[in-house]
Amino acid sequence: MILKISMLKYTFMIGLGVLSLNTFAQVDTTKTPESNTQQSTTIEEVEVIRDYRPILADAVKIRRSPNLSDTRTFQPSLNYNIMDKRLNLPSGMGQLNIQEVQSTRPDIMTNNYAKLGIGNFNTILGEVYVNTGTADIYQAGFYAKHLGQKGDLEGQKFSEQKIGVFGKRFMDAFTLKGEVGYNRYGTAFYGYIPELYAAALTPENQTFNDFYLSGELLKNYDPNADDVSYSLKADAYLFSDAFNAKENSFAISGYFNKTIQAFNLGANVSADLTTVKGTDYSTPNNIVRLNPYIRFQGENYKLTLGANFVAESNDTSRTNLFPSADFELDIVPQFATIFGGVNGDVTKTSLRTLAQDNPYLNENININNMVDRLNIFAGVKGNLGATFGYKANFFYRKIEDMPLFVNNIDDPTRFDVIYDPGTEDATTISGFEGEINVRVSQTVNIGGKLNISDYKLSTEDEPWFMPTVRISSDARINISEKLFLTGEVFFNGETSARYLDPLIDFGGEPPFSVRKIPAFVNLNAGAEYRITNQFGIFVQANNLVNDAYEKYLYYPHLGFNIIGGLNYSF
């Protein structure tokens with residue numbers, strides 16, 4: 001009995017010692033200089049188990065900014081498709097498989113259309129466009145258009161015809177493009193002179209014929225070898241009017257660019273060989289241009305330095321060397337970019353461009369090329385969000401031989417071309433150009449342009465028929481998938497004409513004076529409604545304010561006119 005009590009006593013003492021040893025192992029023996037006391041800290045570990053809930057970060061929004069500087073004279077038919085390719089994202093998510101998307105309007109996305117319409121002023125409109133559609137290696141098409149109108153004045157008639165064939169061939173390394181066509185424009189010298197209205201003059205007809213062809217070879221972009229790019233283009237045309245005036249032209253141009261790390265070396269070169277023939281003269285008008293450059297480009301900047309060498313050969317020959325430098329700098333990436341530069345060039349003056357601006361030309365027009373001795377510009381461009389794009393540009397130009405239209409002394413219904421020399425007292429133009437593009441919503445798009453110019457001429461009193469203010473704006477509204485609305489407004493500021501009283505029989509120096517031509521607003525609107533995916537009706541109303549305004553003296557435009565008809569997509 002005594003033995004059992006002793007064993008229990010020793011067992012109790014050994015257990016108490018082990019417990020004391022474990023407690024001692026949890027005592028913090030760290031001592032500070034201020035105290036030798038020991039503090040004990042109890043450490044606890046808690047494990048919480050719950051369901052796993054993955055959280056994905058928001059996707060980065062894609063921003064699209066409108067490009068306000070691009071301009072195209074020919075808009076090809078574009079075809080889109082969804083390609084089965086994989087997109088590698090740097091987020092560690094791996095590859096995403098792009099699935100084919102079903103088009104919401106598959107029957108409306110057609111390649112061909114035809115349009116037929118009629119309206120007041122004996123208006124007849126016909127138009128057809130045919131395209132081969134989507135193809136892997138080629139695209140081809142054909143278009144034709146006719147528009148005819150006749151006003152209330154004697155000889156106030158207009159007719160326009162266009163026909164053309166175009167094609168594109170996609171190769172592995174480059175793309176070939178070409179077009180051949182014919183444009184015709186007909187009118188008459190119907191100039192209305194109130195002082196001579198009783199004479200009941202019979203206007204002569206005027207017709208312009210323009211045969212043209214063009215071709216281009218363009219290197220395709222290669223992401224694996226994008227250090228070299230090049231292009232080669234050729235253009236030719238035969239232009240004539242109803243009075244034996246002819247202009248034949250052949251031009252070839254190209255560019256080459258080589259990328260070397262942070263900068264580019266390249267050159268633009270062109271040769272324009274033109275012959276102008278009138279009733280009493282024939283003269284060449286040849287221009288050869290060479291523009292070498294070096295461009296430094298980084299993530300937020302671009303600087304181009306070069307020179308522009310231009311040689312002219314016509315009645316007299318001259319050689320010009322101009323500076324060529326410009327820059328772009330992103331001050332707020334994707335929102336604001338400042339730009340500027342200085343350059344010079346020679347602008348070709350041709351019968352073709354003059355007649356497109358003013359079809360009431362006299363015979364035997366004198367041809368001189370306009371020279372931009374100095375062109376300084378600076379501005380800012382960018383976007384404010386994905387729906388608002390803008391561009392603002394200030395400029396200053398010194399010009400020689402600026403062409404101006406003036407009424408002929410003997411027949412005021414025809415126009416001669418004179419030139420402000422700007423050699424001794426420089427001719428200067430300074431001003432502002434602005435442009436905006438706003439996407440109000442997915443269905444409303446609005447654009448606008450503003451141009452303000454201040455002219456200081458060397459010899460002429462006024463910049464004849466050239467306004468100081470021009471404003472244009474356009475809008476498109478998609479009411480639904482079947483109804484579309486469009487609108488356009490154009491404001492042309494007050495201009496001046498060199499005036500000579502037709503009732504005065506003068507001798508010696510003509511007593512010219514200045515006649516002001518009032519500013520005008522041209523407002524147009526249109527609508528289209530799709531009855532089915534193939535058939536639709538349209539209406540286009542022009543000059544809604546019904547103002548028979550004059551762009552050139554004695555030539556009033558048509559008042560309010562409306563065209564309506566059918567269109568067919570196939």
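Look above for the structure.
Definitions and limits used
- Counting starts from 1 at the beginning of each chain's written sequence and moves along it residue by residue.
- This being a predicted model, a pLDDT of at least 70 is required before a residue's local features are given, and a value of 80 or more before pairs of side-chain atoms are given or counted; all residues contribute to the totals for chains, interfaces and linings.
- The basis for every side-chain value is the complete set of non-hydrogen atoms in the structure, without hydrogens or water.
- Numbering of helices and strands starts at the N terminus; helices are DSSP runs of H or I of at least 4 residues and strands are runs of E of at least 2.
- Relative accessibility thresholds used throughout: buried, under 20% of the residue-type maximum; exposed, over 50%; partly exposed, between the two (1.4 Å probe, protein chains only).
- The criterion used for residue contact is that any of the two residues' heavy atoms lie within 4.5 Å.
- Computed over the protein atoms alone on a 1 Å grid, cavities are sets of points where a 1.4 Å probe fits but cannot get out and pockets are open sets with protein on both sides within 12 Å along at least five of seven lines; a residue lines them when it has an atom within 4 Å of a point.
- Grid points are joined across faces, edges and corners, and a volume is the space filled by probe spheres set on the points.
- When residues are grouped by polarity, Ala, Val, Leu, Ile, Met, Phe, Trp, Tyr, Cys and Pro land in nonpolar, Asp, Glu, Lys and Arg in charged, and all others, Gly among them, in polar.
- We treat two strands as partners when DSSP finds at least two bridges between them.
- Pairing of aromatic rings covers Phe, Tyr and the six-membered ring of Trp, with a centre-to-centre limit of 6.5 Å; geometry is then stacked below 30 degrees between planes, edge-to-face above 60, and tilted otherwise.
- Placement of a charge over a ring requires the Lys NZ or Arg CZ to be within 6 Å of the ring centre, with the centre-to-atom vector within 35 degrees of the ring normal.
- In the sections that follow, a salt bridge refers to a side-chain nitrogen of Lys or Arg positioned within 4 Å of a carboxyl oxygen of Asp or Glu.
- Buried Ala, Val, Leu, Ile, Met, Phe, Trp, Tyr and Cys residues form a nonpolar core when they are joined through side-chain atoms within 4.5 Å.

Digging into the overall build of the protein chain
Summing up its helical and strand segments, the protein chain has 2 helices and 33 strands in all. Within the protein chain, buried positions represent 32% of all 570 residues. In the protein chain, of all internal contacts separated by at least 6 residues, the share reaching a separation of at least 24 is 56%.

Structural notes on empty space enclosed by the protein
For the structure shown, the criterion picks out 1 cavity of 30 Å³ or more. There is about 80 Å³ of room inside the largest cavity. Lining of the largest cavity is provided by 13 residues; of these, F208, D241, A245, L351 and L361 occupy positions nearest its centre. Residues belonging to the lining of the largest cavity are distributed by class as follows: 7 nonpolar, 3 polar and 3 charged.

Section: the environment of V380
Assignment of secondary structure puts V380 in strand β19 (residues 370-383). On the basis of relative accessible area, V380 is assigned to the partly exposed category, the value being 25%. Separated by 12 residues in sequence, V380 and A392 have C-alpha atoms that sit 5.5 Å apart. Setting aside residues no more than four positions away along its own chain, V380 makes contact with A336, T337, I338, F339, Y390, K391 and A392.

What about the pairing of strand β17 (residues 317-332)?
Summarising the sheet, strand β16 (residues 301-313) and β17 pair through 13 bridges and their orientation is antiparallel. Following the sheet pairing, F309 is matched in β17 by L321. Following β16, the chain reverses through 3 residues before pairing antiparallel with β17. Of the pairings in the sheet, the one linking β17 to strand β18 (residues 336-347) comprises 8 bridges and is antiparallel in character. Directly across from E328, in β18, lies its bridge partner F339. Hairpin geometry of β17 and β18 is characterised by an intervening segment of 3 residues between the two adjacent antiparallel strands and by a positive phi of about 70 degrees at Q334.

A look at the packing of aromatic side chains
Summed over the entire model, instances satisfying the criterion amount to 23 aromatic pairs. An angle of 15 degrees between the planes, with centres 5.4 Å apart, marks the rings of Y568 and F570 as stacked. Residue Y568 is classed as partly exposed on the basis of its relative accessible area, which comes to 33%. Relative accessible area serves as the criterion here: at 37%, F570 is assigned to the partly exposed category. Through pairs of rings, three or more aromatic residues link up here, namely F158, F189, Y190, F243, Y360, F405, F415, F465, Y552 and Y555. Over the ring of F339 we find K381, and its NZ or CZ is 5.7 Å from the ring centre.

Brief notes about the pattern of salt bridges
All chains considered together, the criterion is met by 16 salt bridges. A salt bridge links K177 to E216; its shortest N-O distance comes to 3.5 Å. A residue pair is termed long-range when its members are at least 10 positions apart, and K177 in strand β9 (residues 174-188) and E216 in strand β10 (residues 205-219) qualify at 39 residues. When its relative accessible area of 34% is taken as the criterion, K177 is described as partly exposed. Notably, a salt bridge pairs R397 with D372, separated by 2.9 Å at the nearest N-O pair. One end of the pair, R397, is in strand β20 (residues 388-400); the other, D372, is in strand β19, with 25 residues separating them in the sequence. Ionic contacts of the salt-bridge type, sharing partners, join the residues E204, E363, D411 and R414 into one network.

Quick word on the side chain of N257
Along the polypeptide, N257 turns up in strand β12 (residues 246-260). Apart from residues lying up to four places away in sequence, N257 is in contact with D227, V228, S229, N264, L265, G266, Y293 and R295.

As for the environment of F296
Here F296 is to be found in strand β15 (residues 286-297). Residue F296 is classed as partly exposed on the basis of its relative accessible area, which comes to 33%. Between the C-alpha atom of F296 and that of F327, which follows or precedes it by 31 residues, the distance is 9.4 Å. Those residues within four positions of F296 in sequence are excluded, and the remaining contacts are A262, F263, Y301, K302 and L303.

Some details on the nonpolar core
Taken as a class, soluble globular proteins show a tendency for nonpolar side chains to be buried jointly. Ranked by internal contacts, the top residues of the largest apolar core, which has 48 residues, are F405 and F465. When residues no more than four places from it in sequence are discounted, the contact partners of F405 are L354, D357, N358, L361, F415, D416, V417, W464, F465 and Y552.

Considering unusual backbone geometry
The backbone of N364 sits at a positive phi, close to 55 degrees, despite the residue not being glycine. Residue classification places N364 among the partly exposed residues on the basis of a relative accessible area of 33%. For D401, which is not a glycine, the phi torsion comes out positive at approximately 60 degrees. Mapped onto the secondary structure, D401 falls in the loop between β20 and β21 (402-407). Using a relative accessible area of 16% as the deciding quantity, one classes D401 as buried.

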